[in-house]
There are 2 protein chains.
Amino acid sequence: MNRIDSVSNEKIKYAVKIAASSSKRKEDKIFFLEGLRLCRDVALTGIKIKTAFFTDKAYEKNQSDADFIKDKAENSFLISQSVADKMSLTENSQGFYCLCEYSWVLSEKDIDAKGKYIALENVRDPANLGAICRTAEALGIKGAILSGCCDRFSPKSQRAAMGSLLRLAVVETENLPETLRRLGEKGMKLYATTPDENAAQITKSDMNGGVVCVIGNEANGVTDETFSVCKKLTIPMKGRAESLNASMAAAITMWEMMR
Amino acid sequence: MNRIDSVSNEKIKYAVKIAASSSKRKEDKIFFLEGLRLCRDVALTGIKIKTAFFTDKAYEKNQSDADFIKDKAENSFLISQSVADKMSLTENSQGFYCLCEYSWVLSEKDIDAKGKYIALENVRDPANLGAICRTAEALGIKGAILSGCCDRFSPKSQRAAMGSLLRLAVVETENLPETLRRLGEKGMKLYATTPDENAAQITKSDMNGGVVCVIGNEANGVTDETFSVCKKLTIPMKGRAESLNASMAAAITMWEMMR
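This structure is a prediction, so every number in the text was calculated from the model and none was measured.

Definitions and cut-offs
- Counting restarts for each chain, with residues numbered from 1 along the sequence as it is written.
- By the order in which they are written, chains take letters starting at A while ligands take numbers starting at 1.
- This being a predicted model, a pLDDT of at least 70 is required before a residue's local features are given, and a value of 80 or more before pairs of side-chain atoms are given or counted; all residues contribute to the totals for chains, interfaces and linings.
- Side-chain numbers here rest on the full set of heavy atoms in the structure, without hydrogens or water.
- Per the convention used, a helix needs a DSSP run of H or I reaching at least four residues, while a strand needs a run of E reaching at least two, with both numbered from the N terminus.
- We take the radius of gyration over the C-alpha atoms and set the globule estimate at 2.2 Å times the residue count to the 0.38 power.
- Per-residue accessibility, obtained with a 1.4 Å probe over protein chains only, is compared with the maximum for each type, and a residue is labelled buried under 20%, exposed over 50%, and partly exposed between these values.
- Contacts: residue pairs with any heavy atoms within 4.5 Å of one another.
- For every accessible area listed, the method is Shrake-Rupley and the probe measures 1.4 Å; residues are considered covered only by the protein chains on display.
- The aromatic pairing rule takes the rings of Phe, Tyr and Trp, using the six-membered ring of Trp, and pairs them if the centres are within 6.5 Å, calling planes under 30 degrees apart stacked, those over 60 edge-to-face and the rest tilted.
- We treat two strands as partners when DSSP finds at least two bridges between them.
- The buried area of a pairing is the accessible area, by a 1.4 Å probe, that goes missing from both parts when the two are put together, added over both.
- Whenever a carboxyl oxygen of Asp or Glu lies within 4 Å of a side-chain nitrogen of Lys or Arg, that contact is scored as a salt bridge.
- We define a polar contact as two N or O atoms separated by no more than 3.5 Å, with the added condition that, inside protein, one atom must be a possible hydrogen donor and the other a possible acceptor, whereas residues neighbouring each other in sequence contribute only through side-chain atom pairs.
- Every axis corresponds to a line fitted to the C-alpha atoms, with the helix fit spanning only the stretch in contact, and the corresponding angles, defined between N-to-C directions, vary from 0 to 180 degrees.

Chemist: In this structure, what is going on with the overall build of chain A? I would like to understand it.
Modeler: Per the secondary structure count, chain A includes eleven helices and twelve strands. Here the C-alpha atoms of chain A give a radius of gyration of 20 Å, agreeing with the 18 Å that 2.2 N^0.38 yields for 259 residues. Referenced to the eigenvectors of the C-alpha coordinate spread, the extents of chain A come out at roughly 60 × 40 × 30 Å. Looking at the 259 residues of chain A, the share that counts as buried comes to 55%. Nonlocal contacts in chain A, meaning residues at least 24 apart in sequence, comprise 79% of its contacts between residues at least 6 apart. Put simply, chain A shows about 11300 Å² of open surface, and 45% of that area lies on carbon and sulfur atoms.

Now the structure itself:
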């Protein structure tokens, strides 16, 4: 493997930029992952690894994992610790870094009208987005429909998802109400969650067949435009907490969809 | 109201110390809250506010809330922005700060043997602890039993709980298996969650009457000692995600307890 020992190497500067900039990620269709687990997870998918970086120590300590990742990568480099420190966003990167291509983007036509989907509208916190997708995968949800959310390819989203965002079917739409309307025409049941206690209780709602449930923004909930094409659903609450947070509401909603 | 304009004022130095140090909080039985919402929430409970601080701007902008908090506080001070900056741990403190007494600590005998409780064993992330307690309150769980967890009086825990930790009945124990054994003798059903798919499915478990469900540490789960006095429960999973995170597992578990 070739080595990179300089923090001003162009490849390192590029990786740092991809990690930091959502617009650069979108422009180049490249995203950055760090950590043994995420780098191994991405190597297990069909996603193309453009460049892999390993510190000497990481390569020595986890050679079989590193070789597995290296075999899937177009280019691989050994890097010094100072170069790793330049790229690291966390304290536990373990000396593994990858630049990957996001060429497997799905569209509305890939949605299975008989499947169960979670739709996230304007979810802005990458920790929520990641945690919801992790739970979606664990519970066997078919996919996620994202609209106006934070960047799912950001290092924070990817980290919170613990690899789920590399495997879960994700569809992005710029017009959620329109997408939902078309899915409704295909026979899917459309629900949107609300703390409003006059809405239908989630336990009394029909979750058979194809279903989409919408979770809204952390502070403002689902938009009126989206409510207008969905049936409102609520998780009955008893205490004084004003509402469940977005990821908890999503967990309970997905659980009821799959139960 | 008296004013404090110096960042080296003893009361300010004390507040900063309480916010930063778990051992100081334990020693003095005092904790620190910041933000309009948490300060208002604590004023709505029976918890004693020792000292309240408001920036001039905060007092002017939210005078009725500030007066309400001031009326419940032993001492109140107006502070300059530089003093506020010294105390702030977040960007959204809104100029409201309180030092409060934690004298309402409950013990095992306060547990209602006919109620539903969540027990948290070695949950170390304050964001998880807070989020789980917020969900517990929202779903109407009677209380939380904590053992070996991070400090529930830390600013991070309090913030994540959005006020729930000020209202939820919380019992701490240093010997969870012993506490559980005694609760079992009083007729409570004892469950502990595990990703082990050979455990009983949560949907097929009897949640009638008094119940305690244990959620374990984020990385290591429930301890063997605690498993030895509980029935193992699992949330059936379908995807490749290795497990649900602790707060998501807790949300689904509490939902099933209350469903």
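Anyway, onward from the coordinates.
Chemist: Can you walk me through the packing of aromatic side chains in this structure?
Modeler: In this description, an aromatic ring pair is defined by two values, namely the gap between the centres and the angle between the planes. All names here are of chain A. Going through the model one piece at a time under the given rule, you end up with 14 aromatic pairs over all chains. Aromatic pair F31 and Y102: ring centres 6.1 Å apart, planes at 65 degrees, arrangement edge-to-face. With a gap of 71 residues between them, F31 in strand 2 (residues 30-34) and Y102 in the loop between strand 5 (96-101) and strand 6 (116-121) connect regions that are remote in the sequence. Here the aromatic rings of F31 and F153 are separated by 4.9 Å at their centres, their planes lie at 50 degrees, and the arrangement is tilted.

Chemist: How should I be thinking about the sheet that holds strand 12 (residues 231-234) of chain B in this particular structure?
Modeler: Each strand in a sheet pairs with its neighbour through backbone hydrogen bonds, running either in the same direction (parallel) or in the opposite one (antiparallel). The strand order 8-7-6-11-9-12-10 (chain B) describes an open sheet built from seven strands, whose pairing is parallel. Each end of this open sheet is capped by a strand with a single partner; those strands are strand 8 (169-172) and strand 10 (200-201) of chain B.

Chemist: Honestly, the interface of chain A and chain B in this entry has me stumped. Any pointers?
Modeler: At the junction of the two partners, chain A supplies 33 residues and chain B supplies 33 residues. Across the interface of chain A and chain B, roughly 2900 Å² is buried in total on both sides, 59% from carbon and sulfur atoms. Across the contact surface, chain A and chain B share two salt bridges. One salt bridge connects A:R259 with B:E256, and the closest N-O pair in it is separated by 2.6 Å. On the surface where chain A and chain B come into contact, there are six residue pairs in polar contact (both at pLDDT 80 or more). Only helix 7 (126-139) and helix 11 (246-258) of chain A provide two or more residues apiece to the side of chain A that touches chain B.

Chemist: Could you clarify how one ought to interpret the sheet that holds strand 2 (residues 30-34) of chain B in this entry?
Modeler: Residue and element names in this part refer to chain B. Strand order in the open sheet made by the five strands is 1-4-3-5-2, with mixed pairing throughout. With one partner strand each, in any of the chains shown, strand 1 (2-4) and strand 2 form the two edges of the open sheet. Across the sheet, the mean angle separating the axes of adjacent strands is 25 degrees when strand polarity is ignored. In this sheet, strand 4 (residues 73-79) lies alongside strand 3 (residues 49-55) in parallel orientation, the contact comprising six bridges. In the sheet register, T51 faces strand 4, and the bridge partner there is N75. Of the strands in this sheet, strand 1, strand 2, strand 3, strand 4 and strand 5 (96-101) are in contact with helix 1 (residues 10-20), which crosses strand 2 at around 95 degrees.

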